[in-house]
Amino acid sequence: MPNHLNDLRPDFTKRKISCGSIPAYRFEATLADELAARHITKREAVNLLEDMLIVREFEEMIVKLRSGAYPACAGFEYRGPTHVSIGQEACSVGACSGIAAEDYITSTHRGHGDSVAKGCVAIRQMNAAALRSRVPDATGTPGEICEAALEDHIFRTAAELFGKEDGYCKGRGGSMHIADFSVGHLGANAIVGGGVPIATGAAWACRYLRNGRVAVSFAGDGAYSNGVVLESLNWAAQHQFTNMLAKGHSYGLPMIFAIQNNHYGMTGRADNEVAGVEFLARRAAGFDDRNMHAEVVNGMDVLAVREAMQRAAALCREGRGPCLLELSTYRYYGHSLSDPRNEYRTREEETAWKEVDPLERYTREIVAARALTRKGVEALVEKVQARNARAAARAAKALEPKPADVLKYLYSDLTSAVVPAEFQKVEIVREKPAITRTNGQLTYRDALKEALLEEMLRDNRVVVYGEDVAEYGGAFKVTKGLLEAFGRERIFNSPISEAAICSTAVGSAMLGLRPVIELMYMDFALMSGDAIGNQAAKWHYMSGAKAEIAMVIRASVGGGKGYGGQHSQTLESVFAHIPGLYVVYPATPRDAKGLLKTAIRDNNPILFVESQLLYMTKGEVPEDPEFTIPLGLAEVKREGKDISFVVWGPALQDALKAADELAGDGVEAEVVDLRSLIPLDMATVLRSVRKTGKVVVGSQCVTTGSFMGEVIANIQHDAFDALDAPIQRVGARDTIAPQSHVLESAFLPNAADFVAAARAIL
Amino acid sequence: MAQPILMPKLGQSDEVAPIVKWRKRIGETVNKGDILFEIETEKAVLEVESFFAGRLIKIVVPAGQAAPVNATVAFLGKPGEKAPEVAAAAAHPVVEHGAGGRHGGRPSRVENKDYALSSGGSGSVPTVAAPLAATAVPLKPGRLLISPRARALASASCIDPAGIAGSGPDGRIVEKDVRAHLEARGYDKLRISPAAKALAAQQKVDILSVTGTGEGGRIMTEDIQRALAERPKPLTLMRQTIARRLTQSVVTTPHFYVTVSVDMGDLLKLRQEAKARGSDYSVTDFILAACIMALQEAPEVNSSTDGQSVRWHASVHLGLATSRPDGLVVPVIRDAQKLTLAELHQAAKALAARARDGKLLPEELSGSTFTVSNMGMLNVENFTAIINPGESAILAVSSTLPTPVARDGNVVVRPIMKITLASDHRLVDGAMAARFVNAIKTKLEDVSLWTRSI
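Counting of residues starts from 1 at the beginning of each chain's written sequence and follows it residue by residue. Key to labels: chains lettered from A, ligands numbered from 1, both in the order written. Given that this is a predicted model, residues contribute local features only at a pLDDT of at least 70 and side-chain atom pairs are listed and counted only at 80 or more, while totals for whole chains, interfaces and linings are drawn from all residues.

Q: Explain the overall build of chain B here, please?
A: Strands are runs of DSSP state E lasting at least two residues, helices are runs of H or I lasting at least four, and both sets are numbered from the N terminus onward. On a plain count of helices and strands, chain B comes out with 11 helices and 18 strands. Here exposure depends only on C-beta density: within 10 Å of a residue's C-beta, 20 or more other C-beta atoms make it buried, 12 or fewer make it exposed, and intermediate numbers make it partly exposed, the C-beta atoms being placed from the backbone. Expressed as a percentage of its 454 residues, the buried residues of chain B come to 32%. The contacts in chain B between residues at least 6 apart in sequence include a share of 59% that link residues at least 24 apart. By definition, residues are in contact whenever their C-beta atoms, placed on the basis of the backbone, come within 7 Å of each other.

Q: Could you clarify how one ought to interpret the overall build of chain A in this entry?
A: Counting its secondary structure elements, chain A contains 27 helices and 19 strands. For the radius of gyration, the atom set is restricted to C-alpha positions; the globular benchmark scales as 2.2 Å times the number of residues to the power 0.38. In terms of overall size, chain A behaves like a compact globule, its C-alpha atoms giving a radius of gyration of 29 Å where 762 residues would be expected to give roughly 27 Å. The burial tally for chain A puts 57% of its 762 residues in the buried class.

Q: Just checking my understanding: could you explain the domain arrangement of chain A for this structure?
A: When the parts of a complex come together, some accessible area is lost, and that lost area is often used as the size of the interface. Residue and element names in this part refer to chain A. The split into domains, and so the bounds of each, comes from an automatic or database assignment of domains. For chain A, the domain assignment lists domain 1 (36-405), domain 2 (437-620) and domain 3 (636-759). Using C-alpha coordinates to define each centre, domain 2 is positioned 26 Å away from domain 3. Residue-level contacts link 24 residues of domain 2 with 23 residues of domain 3. Those elements that provide at least two residues to the side of domain 2 that touches domain 3 are helix H21 (572-576), strand E11 (582-584), helix H22 (589-601) and strand E12 (605-611). Tallied by class, residues from the side of domain 2 that touches domain 3 come to 12 nonpolar, 10 polar and two charged. Note on residue categories: nonpolar means Ala, Val, Leu, Ile, Met, Phe, Trp, Tyr, Cys or Pro, charged means Asp, Glu, Lys or Arg, and polar means any other residue, Gly included.

Q: Would you mind showing me how to read the packing of helix H2 (residues 148-156) of chain B against helix H3 (residues 175-184) of chain B here?
A: Between two packed helices, the angle of one axis relative to the other and the distance separating the axes together describe the packing. Residues and elements named next belong to chain B. Think of each axis as a best-fit line through the C-alpha atoms, taken over the contacting stretch in the case of a helix, with angles from 0 to 180 degrees between the N-to-C directions. Taken N-terminus to C-terminus, the directions of H2 and H3 make an angle of 30°; their axes are 8 Å apart at the nearest point. Classified by the interaxial angle, the pair formed by H2 and H3 is roughly parallel. Listed contacts from H3 to Arg149, Ala150, Leu153 and Ala154 of H2 are Glu175, Asp177 and Val178. Reported orientations rely on four angle classes, namely roughly parallel under 35 degrees, roughly antiparallel over 145, roughly perpendicular from 65 to 115, and oblique for the rest.

Q: Would you mind showing me how to read the domain arrangement of chain B here?
A: Under the domain assignment, chain B is made up of domain 1 (3-77), domain 2 (148-230) and domain 3 (238-355 + 365-451). Domain 1 of chain B and domain 3 of chain B are separated by 38 Å when their C-alpha centres are compared.

Q: I'm lost on the packing of helix H6 (residues 142-161) of chain A against helix H14 (residues 374-397) of chain A in this one. Help?
A: Residue and element names in this part refer to chain A. Relative orientation of the contacting elements H6 and H14 amounts to 45°, with a least axis distance of 8 Å. Put simply, H6 runs oblique to H14. By crossing handedness, the relation of H6 to H14 is classed as right-handed. Facing H6, whose interface residues are Glu151, Ile154, Phe155, Ala158 and Ala159, H14 presents Arg387, Asn388, Arg390, Ala391, Ala392, Arg394 and Ala395. In terms of residue class, the contact of H6 with H14 is made up of seven nonpolar, one polar and four charged. Each helix crossing is assigned a hand: it is left-handed if the near helix lies turned anticlockwise from the far helix by less than a right angle, otherwise right-handed if that turn is clockwise.

Q: Would you take a moment to explain the sheet that holds strand E3 (residues 29-30) of chain B for this structure?
A: Backbone hydrogen bonds hold the strands of a sheet together, and the pairing may be parallel or antiparallel. Residue and element names in this part refer to chain B. Read across the open sheet, the four strands follow the order E1-E8-E6-E3; overall the sheet is antiparallel. Of all the strands in the sheet, just strand E1 (3-6) and E3 have a single pairing partner and so form its edges. At least two DSSP bridges between two strands are needed for those strands to be called paired. Sheet analysis places strand E6 (residues 54-59) next to strand E8 (residues 72-77), joined by four bridges and oriented antiparallel. Bridging from a neighbouring strand, Lys58 pairs with Phe75 of E8.

Q: I keep staring at the environment of Gly299(A) and nothing clicks. Help me out?
A: Residue and element names in this part refer to chain A. Its location among the elements puts Gly299 in the loop between strand E4 (295-298) and helix H11 (302-317). Given 30 C-beta atoms within 10 Å, Gly299 falls into the buried group. Considering only alpha carbons, one finds Gly299 and Asn261, 38 residues apart in sequence, at a separation of 8.3 Å. The contacts of Gly299, once residues within four sequence positions are left out, are Gln88, Ala90, Cys91, Gln260, Val305, Leu327, Ser328 and Thr329.

Q: Sorry if this is basic, but what is going on with the nonpolar core here?
A: One recurring pattern in soluble globular proteins is that nonpolar side chains are buried together. As used throughout, a nonpolar core is a set of buried Ala, Val, Leu, Ile, Met, Phe, Trp, Tyr and Cys residues joined through C-beta atoms within 7 Å of each other. In this structure, Ala202(A), Val216(A), Ile256(A), Leu325(A), Val506(A), Ile553(A) and Phe645(A) are the most contacted members of the largest nonpolar core, which totals 259 residues. In this structure Val216(A) touches Ala95(A), Ile99(A), Asp103(A), Tyr104(A), Ile105(A), Ala199(A), Ile256(A) and Ala258(A), once residues within four positions along its chain are discounted. Formed by 75 residues, the second largest nonpolar core is a distinct cluster that contains Met7(B), Ile333(B), Ala393(B) and Val428(B).

Q: Is there a simple way to think about helix H13 (residues 358-368) of chain A in this case?
A: The periodicity of an α-helix, 3.6 residues per turn, causes residues three or four places apart in sequence to face the same way. Residue and element names in this part refer to chain A. For H13, the set of buried residues is Pro358, Leu359, Tyr362, Glu365 and Ile366. In an axial view of H13, the angular spread of the buried residues amounts to 130°, which keeps them on one side of the axis. Every exposed residue of H13 that faces more than 90 degrees away from the buried side is listed here: Glu360 and Ala368. On its buried face, H13 is in contact with helix H1 (31-36), helix H2 (42-65), helix H3 (89-97), H11 and H14. Positioned one or two residues after H13, Arg370 has a phi angle of 60°, which is positive. Note: the arc covers the axis-to-C-beta directions of the helix.

Q: What exactly am I supposed to notice about the sheet that holds strand E8 (residues 491-493) of chain A here?
A: Residues and elements named next belong to chain A. Strand order in the open sheet made by the seven strands is E8-E7-E9-E10-E12-E11-E17, with mixed pairing throughout. Two strands lie at the open edges of the sheet, namely E8 and strand E17 (676-678), each paired on one side alone. Between one strand and the next, the sheet's axes are offset by a mean angle of 20°, whatever the strand orientation. Bridge count for E11 against E12 is three bridges, and the pairing is parallel. In the strand pairing of E12, Val584 is matched with Phe608.

Q: Would you mind going over the environment of Met527(A) with me for this structure?
A: Residue and element names in this part refer to chain A. Within the element layout of this structure, Met527 appears in the loop between strand E9 (514-521) and helix H19 (529-536). C-beta crowding within 10 Å serves as the criterion here: with 20 such atoms nearby, Met527 is assigned to the buried category. Along the backbone, Met527 and Gly75 are 452 residues apart, and their C-alpha atoms lie at a distance of 46 Å. Beyond its immediate stretch of four places on either side in the chain, Met527 contacts Glu498 and Ala499.

Q: Teacher, can you tell me more about the pairing of strand E16 (residues 669-673) of chain A here?
A: Consecutive side chains of a regular strand alternate in pointing toward one face of the sheet and then the other. All names here are of chain A. Among the five residues of E16, five are classified as buried, and the element is accordingly described as predominantly covered. Burial along E16 is two-sided: Ala669, Val671 and Asp673 facing one way and Glu670 and Val672 facing the other are all buried. As paired elements, strand E14 (residues 635-638) and E16 share three bridges and run antiparallel to each other. Residue pairing for E16: Arg638 is matched across the bridge by Val671. For the crossover that starts at strand E15 (residues 643-647), traverses helix H23 (residues 651-663) and ends in the parallel E16, the hand is right-handed. With its strands directed away from the observer, a crossover is right-handed exactly when the path from the first strand over the helix to the second travels clockwise.

Q: Even after reading the chapter, I still don't get unusual backbone geometry, so can you show me in this structure?
A: Glycine aside, residues mostly have negative phi angles, and peptide bonds mostly take the trans form. Residue and element names in this part refer to chain A. Put simply, Gly321 and Pro322 share a cis peptide bond, and its omega is 0°. When you line up the elements, Pro322 lands in the loop between H11 and strand E5 (323-328). Here the residue pair Ile678 and Pro679 is connected by a cis peptide bond, since its omega of -5° sits within 30 degrees of zero. Within the fold, Pro679 resides in the loop between E17 and helix H24 (682-692). At Lys170, a position not held by glycine, the phi torsion is positive, near 60°. Positionally, Lys170 belongs in the loop between H6 and helix H7 (195-209).

This is how it looks when you write it as structure tokens:
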């Protein structure tokens, strides 16, 4: 039985709550010890040094480029950020070497080390076929081909920083948004904390797909004050993944929160200033009764980081995640090269940290352990410098993207037209919800439910979550019965964490799932501003089309019910302004079903707007499970020749009523329903305008700055000579939705407003 | 500092002058004395020289637009220098419509912090702090108030919507008004050849105003061409000036006319002899010289009045009405009384040539005290002329024609030239006019007067 009824009794027994203890700096072994214990091979030990050298050499190149002091790129001007992580190499390399090549990471604006390390570790573990696909032209021994792949990796990383077409993201991402999905690198993130919920979503997808993989979020001390990161900690630790609700699949999220605590946000100090704990690892205790298997680790010791990461990854693979590792490390440079550091910390502090430099320390260990001689180290340094220089020189000379391609990769052309066989297998845990037609008609609500049901039956990558969507069926009962049909694996209640709801969906979409998430009231979408606007909308483009963000965000508009300012907003115009998103707003049951199905099959992030005023409206809805309506196709809902109403959302009903009333005057009004704002079908609108010459554009949006203005701008530009009168606008008044019924009636547009606007120009 | 270039005052009454052509391009080097641009004045197209050297960095008033005298039309400066932002001083300032939809926008500026209180009754945000009714703002003068759709329909129908009564807001002509107009004028029954319609569309001929001469009244290409030929064209500045000044003269000056016949036989003979000797005097030269002499003898005629006072002129500035293909100009021979016949000949010839080429300078076009209009070469028996404003008389000189005249009781054929003096009766009476024309006649008939001069 998927439904679960709580039976929580009052229990006020006197007691003390223990927060347990968190181990810190437990690793004490040397490399010699590790080699002796066969925890690491000599080869691997040398690789750790080489990767740290590559990272440092790469970042020192950025510093030198800024003053023209990198001879390999003489004459090349680097434009872009200089957020170097010099000093933190042990964190990046140790962590990436502690997880498997196919595991996932997300990184930060200071993420060159993470990106370089993840690639190097993955490339060294690749088989011949995988290597060939990266460097098809390379020849020689397997070792030589691997070497070519490493150089290619540095080249593509540098090319991305330099904004070149050969970069990992085709120059669309750059230093702060570099991603390489082929090695599980789900992207650096210029929003502090932005990558953490994405990794959390990826971890959830790993759990769902049962692929045995782990997701690691690298993020700094600054991020652990950020709301969405705290939401992510809570998200990852939810009981429902491991307790009786998980039924046969008790498996904690395979998620490792790797805090790269370099003790400074931009300049804000985690210690003594902007946090209240000495060890950020304490955060783990706040979200998980088991403290998430947290540890504090010496982040200047690559072996300590590697060992802790191996342990955490193993726990995750056993279903005992999530884990949290606080890696204490240090950033030698300032936030960027323009930060002199002396305003907020002492030189003595910097000197003390440089005395425990991860490269120097590990070099001493590797010589002491006889894994490499001093000469061997010098040769390795020279090899790394030469390889990096060759790659950087090539990157500096690589082709720039074409200006004409500035819009390329904004949207994906792909859809899930064909569902791979492994995803067609769908288990019905109990029974499908009954959706019955009356005279062939369905309500808008049931039309949505039927769309969800059909798409979940068609493709098991379609998963549904959001607040109260499971047993309760959602605040508006759209998902009622889907838990009974598909079980908690595919539809579950989320914490009230709108930002995490949306950003985890981005992470799971990056792994190929097709989440349909519910935000309840559209007002709450503003809580997910970063997730929708910076993450969902942008990753396809910023990754150079490497990422497909196939997700649907359902948001319901509450206007018209007397719910006041924070439960009544019509905000689609806000999101239509953000490139990378599609914005869809059906106004009839038929459109609700056809468009939701198309949205779910589309590979773009789609804001799917519903209206609570429409849930109970009825209309004919095709039963055909292959019935879909293309996005970006407006529909003439009523034909006329005298005036055009161009509308979307509930304004459609008002416009149709107005058309009825005008018919009494002998006026034949045409009503065009846009159905989606992005993509926008101006062709249908212009056809109507050219016919009638008079236009009223209407919606429930607050008038100023709304998408109505965009439609009007297009009409006047493309059909100026067809206009017989100034274009009229009918929107909500420029104010906040009032609770008072009287005031709300005055606030929202209605049929009379459409009639009046029409008469003014007829 | 960029050097502003101003619109010069070159004509007599020019307040606004159109720039016909820029002779320098942006970025081109300009030397002192280089021609910068050409302007059209009432009398001629004039070249404007630069007083400054530099590079032309900005043209404020492009060719085809007019600017008032002393307005900045361009800037000279150093290469790369940025010209200051100057709004072209337009002859007709363009007034923008105030915005504001029915449901209104947010205030573009909040003038009064208490606006929420003052408008609290309606609970709405005011559209603009001081709402402008669109009707209160005048359109550009001469702009037809018509919707784009109605304009497009009129254009596609090849009709001129200017006369249509508009039924839309503020009297705007909307589509249905155009349709009603078409119906009322029987547009449906109009028959027109495709070629004619294409030409009409191209030339914007209102086909409702064209009478068809084809079979059954069908409008043919020739009909459109005829309409095009008849279509009013704006008067040139020169014609407008002629119209204004001569109308003013006819309306304010009481003209009367005195004609005498001059026997040119002896003078023509003298001229032939002079020509044989290589001196190429024209008949006009003698007429001008005779006028100058007569004017010096009759200062009343070499005078002007504003209706209140009379002013006698000490010098004779002789206006020479000269025909051009596009009109008429009156170049002036200054201090004509000081010139010998030879000098007069040269001056008249040079002025006439420059007048024909449109190269006269403003000072050569103003200040005459008496004008001669000579149509001798145009085969006219007699005509009268209209006095140039500011003068007291004008002499109309007709062709010299073989004419039977009585001489010593016999009829003989003599080369007779009629001259008619038009006089301003406020300054000149009949007897004075008669004496004056006869003085000219006498001088022209008395060759002894000229033999020494040539």
